[in-house]
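So the chains spell out like this:
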Amino acid sequence: MSRKQIDAPLQPNEAFGQVVRSLRKEKGLSQEELGFRCDLDRTYISGIERGKRNPTIQSIWFIAEGLDEPPGTLLAKTNERIENAKEE
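Residues numbered from 1 in each chain as written. Predicted model: local features only at pLDDT ≥ 70, side-chain atom pairs only at ≥ 80, totals over all residues. Heavy atoms only, no water.

Looking now at unusual backbone geometry. Non-glycine residue D39 carries a positive phi angle of around 60°. Secondary-structure assignment places D39 in the loop between helix 2 (31–38) and helix 3 (42–49). Non-glycine residue D68 carries a positive phi angle of around 55°. Inspection of the secondary structure puts D68 in the loop between helix 4 (57–66) and helix 5 (71–87). The exposed category is assigned to D68, whose relative accessible area is 58%. (Helix = DSSP H or I, 4+ residues; strand = E, 2+ residues; numbered from the N terminus. Buried < 20%, exposed > 50% of the residue type's maximum accessible area, 1.4 Å probe, protein only.)

So, on to the nonpolar core. Core analysis: the biggest nonpolar cluster contains 16 residues, and F16, V20, L34, I63, L67 and L74 have the highest contact counts within it. When contributions to this core are tallied by element, the ones reaching two or more residues are helix 1 (12–26), helix 2, helix 3 and helix 4. The leading source of residues in this core is helix 1, at 4 residues. (Core = buried A, V, L, I, M, F, W, Y, C linked by side-chain atoms within 4.5 Å.)

Further remarks concern helix 2. Inspection of helix 2 places Q31, L34, G35 and C38 among the buried residues, and these make up the whole buried set. The arc that holds every buried residue of helix 2, seen down its axis, measures 100°, which confines them to one face. Within helix 2, the exposed residues directed more than 90 degrees away from the buried face are E32 and F36. The elements touched by buried residues of helix 2 are helix 1, helix 3 and helix 4. Residue D39 follows helix 2 closely and has a positive phi angle near 60°. (Arc of directions from axis to C-beta. Contact = heavy atoms within 4.5 Å.)

Geometrically, a packed helix pair is captured by the angle between its two axes and the distance between the axes. The geometry of helix 1 relative to helix 5 is characterised by a closest axis approach of 8 Å and an angle of 120° between their N-to-C directions. In terms of axis orientation, helix 1 runs oblique to helix 5. Relative to helix 5, helix 1 is oriented so that their crossing is right-handed. Note on element contacts: helix 5 touches helix 1 through L74, K77, T78, R81 and I82, opposite P12, A15, F16, Q18, V19, V20, S22 and L23. Looking at the contact of helix 1 with helix 5 residue by residue, the classes come out as 8 nonpolar, 3 polar and 2 charged. (Axes fitted to C-alpha atoms, helices over the stretch in contact; angles between N-to-C directions. Parallel < 35°, antiparallel > 145°, perpendicular 65-115°, else oblique. Left-handed = near helix turned anticlockwise from the far one by under 90°. Nonpolar A, V, L, I, M, F, W, Y, C, P; charged D, E, K, R; others polar.)

As a further point, take the side chain of E49. In this structure, E49 sits in helix 3. On the basis of relative accessibility, which here comes to 2%, the residue E49 falls in the buried class. Of note is the side chain of E49, whose polar atom sits 2.5 Å from the side chain of R24. Residues within four places of E49 in sequence aside, it is in contact with G17, Q18, V20, R21, R24 and Q31. (Polar contact = N/O pair within 3.5 Å; in protein donor to acceptor, adjacent residues only side chain to side chain.)

Structure follows, in structure tokens:
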């Protein structure tokens, strides 16, 4: 890996993906429907949810809009997941 991993049991891209998946399911959306709302491909949404993609700020903004959430909420929930994983 070319970039240093953050010293945490859960990496930010993985935690962000978990948050996106959780909110998407909570709102009853498929990956395809979320992708349509965000103008992003379903496979890109899938990659984010699996922690395989590192979304740009613009993509985070689009995903937040597609989920009807402020971008800061997604990042705050991501941070919570990382902090909770450190405590386990």
